[in-house]
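Fold and geometry: a report
These are the residues of each chain, in order.
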Amino acid sequence: DTEVTQTPKHLVMGMTNKKSLKCEQHMGHRAMYWYKQKAKKPPELMFVYSYEKLSINESVPSRFSPECPNSSLLNLHLHALQPEDSALYLCASSQGTSVIYEQYFGPGTRLTVT
Amino acid sequence: AQSVSQHNHHVILSEAASLELGCNYSYGGTVNLFWYVQYPGQHLQLLLKYFSGDPLVKGIKGFEAEFIKSKFSFNLRKPSVQWSDTAEYFCAVSVSGTYKYIFGTGTRLKVLA
């Protein structure tokens, strides 16, 4: 199984809502990532988890809160988002955090903030 | 700042034409280089990668790329494209000793049947 799954596929939320994005992989990977991709732009790294611990936070606003409950799951909790946060949110995983490892990407969650 | 440039934003080719997509990066240290592809409605997939050794790297589906260190380039090539190669192609660079991938802006390839 070389798949990274993400739910939901689409999410529309208001600026006062609280929602969560979920990501799951069963490849035994120990590194997981959240990326944000705006239309016609490349993916931008948000967070990196290594062995279930947050390793990198790319200066992401606190309205985005990641969580790694176990080695297979990665969540992104959303609260008080702004319309400019509308984007495709991609999850990825890799064997480890060394950049020699290929990253496997999920299909993404398309988020619209109204 | 580290950056990755893909100069061709949109490319349209007929089937059987040859393909070359440019990728240049701006970092002088040790880098690892990747090409990812995103087919319509699908997720990003790795086409090929370069870490060291032979600068000519062969990937899946007949793609290859050549690392030219002196030119800071990692161009993607395919001798004869197919309609099924229609996709968006991203070059990515990672810097040894960091966790980060830096993606280029992508090239949308359309192959006409």
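Check the entry above for the structure.
We now turn to the structure provided with this report. Being a predicted model, the structure only gives us computed values, none of them experimental. (Residues numbered from 1 in each chain as written. Chains lettered and ligands numbered in written order. Predicted model: local features only at pLDDT ≥ 70, side-chain atom pairs only at ≥ 80, totals over all residues. Heavy atoms only, no water.)

A word on the environment of B:Val4
All names here are of chain B.
- Within the secondary structure layout, valine 4 lies in strand β1 (residues 4-5).
- Overall, valine 4 belongs to the buried group, its relative accessible area being 10%.
- Taking C-alpha positions, valine 4 is 4.7 Å from glycine 104, a pair spaced 100 residues apart along the chain.
- Those residues in contact with valine 4 that lie beyond four places of it in its chain are Cys23, Asn24, Tyr25, Cys91, Val93, Ile102, Phe103 and Gly104. (Helix = DSSP H or I, 4+ residues; strand = E, 2+ residues; numbered from the N terminus. Buried < 20%, exposed > 50% of the residue type's maximum accessible area, 1.4 Å probe, protein only. Contact = heavy atoms within 4.5 Å.)

Comments concerning the pattern of salt bridges
- In this structure the tally under the stated criterion is 8 salt bridges over all chains.
- The residue A:Asp85 makes a salt bridge to A:Lys36 at a minimum N-O spacing of 4.0 Å. Linking A:Asp85 in the loop between β8 (73-79) and β9 (87-94) with A:Lys36 in strand β4 (residues 31-37), this pair joins segments that are 49 residues apart in sequence. For the pair A:Asp85 and A:Lys36, a shared accessibility class is recorded, and that class is buried.
- Taking the shortest distance from any N to any O, the salt bridge between B:Glu88 and B:Arg108 comes out at 3.5 Å. (Salt bridge = Lys/Arg side-chain N within 4 Å of Asp/Glu carboxyl O.)

Remarks on the interface of chain B and chain A
- In this complex, chain B contributes 20 residues to the contact, which on the side of chain A involves 22 residues.
- A combined buried area of about 1,800 Å² lies between chain B and chain A, and 63% of that area is made up of carbon and sulfur atoms.
- In this structure, the connection of chain B to chain A is made through 0 salt bridges.
- For the side of chain B that touches chain A, the elements supplying multiple residues, two or more each, are β5 (31-38), β6 (45-50), β10 (87-95) and β11 (101-103) of chain B.
- Ranked by residues supplied to the side of chain B that touches chain A, first place goes to β5(B) with 4 residues.
- For the side of chain B that touches chain A, the per-class residue count stands at 10 nonpolar, 8 polar and 2 charged. (Buried area = accessible area lost by both parts, 1.4 Å probe. Nonpolar A, V, L, I, M, F, W, Y, C, P; charged D, E, K, R; others polar.)

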